Each structure stands twice: as C-alpha cells, then as structure tokens.
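Residues per chain, in single letters:
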Amino acid sequence: MRKILFFSNNKNKVIEIKKIFKKFNLELLSLNDFNINYEPKEDGQTFEENAKIKSEFGFKKTGIPCFADDSGICIESLNWKPGVLSKRFLNNFKSKEACFKSIIKSIKHTGKKNAYFKTSISLTINNNQNILFNGKIVGKISNQAKGEFGFGYDPIFIPKYYNKTLAELSTVEKNKISHRSIAVTKLVNFVSN
Ligand code: IMP
C-alpha cells in the first residue's frame, strides 16, 4: 500500500481524512507516526504559501509524500481579511460572540456582505515538486449568528443559494459543499489515479 503523510496536529482533521483515504487503498500517516513535534512557522501571505511551508517541511523530515492544508475566511467588509490570520483574528476577541458582532457591524456599516472560505492543500512529492489543490465556497455574512454545528465562523456564513448559515447545516450537508471537501476531493482524485 502506498504511504502518504498528512502534516496536521488537528486530531479531528486526521480522523476525517483517514476515513476518506481508506477507501482508496492508501495508508495515511500522521505526525503521530513520527517524532515530529516541531512545526514550521506559518508566515506565508497566502493559504497556498502556508500549506506549502508545511508539506515541504514534512517531506524533508520523512522522505514520504506529504500534504498539508491551510484555510480561512475572507470578508469583503474587512478588505477581504482576515484570510490566513482567521484563527488569530477570532482568538483576539474576548469571545466568539464579540468577534461575530464586530464582523456584522462592519457589514452593516459598509453595506458589503460578500465573503468566502478557502482551503489550499499542498502536496509535496519530491524536492521542489509541489502540487496545489484549492477549494472555495462563496456566500454572505448573515445579519445575526445562528446555528450550533460546525466550528469557527460557521454561525455567520450563509453559502450562496442557501438561506441558512453553515452552522445550521448538518456536518454531512456542510461536507457536500465546503471549501475543505472540494480541495480534499481534488487531492484524492489526484493521488488515487
Ligand atoms: P485551518 O487552517 O483549517 O486550521 O483554519 C484556520 C481557521 O480558519 C480556523 O481556526 C477557523 O477559524 C477558520 N475556518 C477554516 N475553515 C473553517 C470552516 O469550515 N468553518 C468555519 N471556520 C473555518
């Protein structure tokens, strides 16, 4: 069975991706299978750059084809930020609710409601050989936070053609349309062929 390393410390992501890879006769390894307890600094300006920093690092350490992902939300009323700083932006508020309130205020103030989530996956198969897979979901910021499912910015994001936030959709429904699943599907199609 071919081996591939997923460079992530996020247990939930590893479990989710392992399930997908099983179907394709690919053995998915994670950082747990190696003694890698140091992660490179994610100081790229784009999702693609950050994903590549991690996948190249994993390949250099192990010699095994390695992929890594980076995701976030880009909000028109915030000049398409926070982008690569999505996690930090949310954590800088005293609560999620305070962050959502501030974003909703900015859309009311500017009248700009558009937003999108993006995932970039970088797969390093050799020195200086990286392949990128992107996934994007476009939509709008809602007028109020709603829903209990999901994580991060899901309660304030309404996907295009929907009238519910991502946090009001079940995980199964979200996975059918999400930026992450689009990028993962592209990766799986590539590595399983
Ligand atoms: P990561 O690169 O996948 O760890 O994502 C970075 C940050 O972007 C997360 O901590 C969330 O705040 C935000 N984010 C990424 N994907 C999603 C999503 O599907 N829903 C909500 N927030 C997300």
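As the structure is a prediction and not an experimental result, all values here were calculated from the model.

Asker: Would you mind showing me how to read the overall build of the protein here?
Answerer: Regarding its fold elements, the protein presents 6 helices and 7 strands. Traced from its N-terminal end to its C-terminal end, the protein shows the element sequence β-α-β-α-β-β-α-α-β-β-β-α-α. Radius of gyration (C-alpha) of the protein: 17 Å, near the 16 Å computed for a compact globule of 193 residues. If one aligns the C-alpha atoms of the protein with their principal axes, the spans along those axes are about 50 × 30 × 25 Å. Nonlocal contacts in the protein, meaning residues at least 24 apart in sequence, comprise 59% of its contacts between residues at least 6 apart. Carbon and sulfur atoms make up 49% of the accessible area of the protein, which totals about 11,200 Å².

Asker: Looking at this structure, how should I read the packing of helix 1 (residues 11-22) against helix 6 (residues 179-191)?
Answerer: Helix-helix packing: each pair is described by the crossing angle between the helix axes and the interaxial distance. Interhelical geometry of helix 1 versus helix 6 gives an angle of 40 degrees and a closest axis separation of 11 Å. In this view, helix 1 runs oblique relative to helix 6, as classed from their interaxial angle. Regarding helix 1 and helix 6, the two cross each other, and that crossing is right-handed. Two secondary-structure elements touch here, helix 1 through Lys13, Ile17, Ile20 and Phe21 and helix 6 through Arg180, Val184, Leu187, Val188 and Val191. Within the contact of helix 1 with helix 6, the residues separate by chemical class into 7 nonpolar, no polar and 2 charged.

Asker: Looking at this structure, I do not really get a positive patch on the surface. What am I missing?
Answerer: A cluster of like positive charges, contributed by Lys108, Lys113, Lys140 and Lys160, occupies part of the molecular surface. Following the sequence through the fold, Lys160 ends up in the loop between strand 7 (157-159) and helix 5 (171-177).

Asker: Looking at this model, I keep getting lost on helix 2 (residues 47-62). Mind explaining?
Answerer: Every α-helix winds through 3.6 residues per turn, so residues three or four apart in the chain are directed the same way. Between its first and last C-alpha, helix 2 extends 23 Å over 16 residues, near the 22 Å set by a 1.5 Å rise per residue. Among the residues of helix 2, those classed as buried are Phe47, Glu48, Asn50, Ala51, Lys54, Ser55, Phe57, Gly58 and Phe59. Phi turns positive, to about 75 degrees, at Gly63, one or two residues after helix 2.

Asker: Explain the site of the ligand to me, please; I cannot follow it from the model alone.
Answerer: Within the structure, the ligand sits among 14 residues, and Lys13, Ser71, Asp154, Lys174 and Arg180 are positioned closest to it. Contact between the ligand and Lys174: an oxygen atom at 2.8 Å from a side-chain N or O atom of the residue. Arg180 places a side-chain nitrogen or oxygen 2.7 Å from a nitrogen atom of the ligand. Isolated, the ligand exposes 480 Å² of accessible area, and the fraction of that covered by the protein chains is 89%. Breaking the shell around the ligand down by element, the ones donating at least two residues are strand 3 (66-75), helix 3 (86-91) and helix 6. The leading source of residues in the shell around the ligand is strand 3, at 3 residues. Grouping the constituent residues of the shell around the ligand by class yields 3 nonpolar, 5 polar and 6 charged.

Asker: Quick question: what am I supposed to make of the side chain of Asp154 here?
Answerer: Examined against the element boundaries, Asp154 turns out to sit in the loop between strand 6 (129-141) and strand 7. The class of Asp154 is buried, set by a relative accessible area of 2%. Once residues within four sequence positions are removed from consideration, Asp154 is found in contact with Phe117, Phe149, Thr165, Leu166, Ala167 and Lys174.

Asker: Can you walk me through the nonpolar core in this structure?
Answerer: Nonpolar side chains tend to gather and get buried jointly when the protein is soluble and globular. With 18 residues, the main nonpolar core has Ile141 and Tyr153 as its most contacted residues. Looking at this core, the elements with two or more residues in it are strand 3, helix 4 (96-110), strand 5 (114-126) and strand 6. Sequence-distant contacts of Ile141, defined by excluding residues within four places in its chain, comprise Ile73, Ile75, Ile103, Ile104, Ile107, Lys113, Ala115 and Ile156.

Asker: Hey, could you run me through the pattern of salt bridges in this one?
Answerer: Pairing between side chains becomes possible if they bear opposite charge and their charged atoms approach one another. Evaluation of the coordinates by the stated rule reveals 5 salt bridges. Between Lys54 and Glu42 there is a salt bridge whose closest N-O contact spans 3.4 Å. Of this pair, Lys54 sits in helix 2 while Glu42 is found in the loop between strand 2 (26-30) and helix 2, placing the two residues 12 residues apart along the sequence. Classification of Lys54 as buried rests on a relative accessible area of 7%. Here Glu42 falls in the partly exposed class, since its relative accessible area comes to 31%.

Cut-offs applied
- Residues numbered from 1 in each chain as written.
- Predicted model: local features only at pLDDT ≥ 70, side-chain atom pairs only at ≥ 80, totals over all residues.
- Heavy atoms only, no water.
- Helix = DSSP H or I, 4+ residues; strand = E, 2+ residues; numbered from the N terminus.
- Rg over C-alpha atoms; globule rule 2.2 N^0.38 Å.
- Contact = heavy atoms within 4.5 Å.
- Areas by Shrake-Rupley, 256 points an atom, 1.4 Å probe, with all protein chains shown as cover.
- Axes fitted to C-alpha atoms, helices over the stretch in contact; angles between N-to-C directions.
- Parallel < 35°, antiparallel > 145°, perpendicular 65-115°, else oblique.
- Left-handed = near helix turned anticlockwise from the far one by under 90°.
- Nonpolar A, V, L, I, M, F, W, Y, C, P; charged D, E, K, R; others polar.
- Patch = residues over 30% accessible without salt bridge, like charges linked within 9 Å, V, L, I, M, F, W, Y side chains within 5 Å.
- Salt bridge = Lys/Arg side-chain N within 4 Å of Asp/Glu carboxyl O.
- Lys, Arg positive; Asp, Glu negative; His and termini not counted.
- Charge placed at Lys NZ, Arg CZ, Asp CG, Glu CD.
- Expected span 1.5 Å × (residues − 1).
- Buried < 20%, exposed > 50% of the residue type's maximum accessible area, 1.4 Å probe, protein only.
- Near = heavy atom within 4 Å.
- Polar contact = N/O pair within 3.5 Å; in protein donor to acceptor, adjacent residues only side chain to side chain.
- Core = buried A, V, L, I, M, F, W, Y, C linked by side-chain atoms within 4.5 Å.

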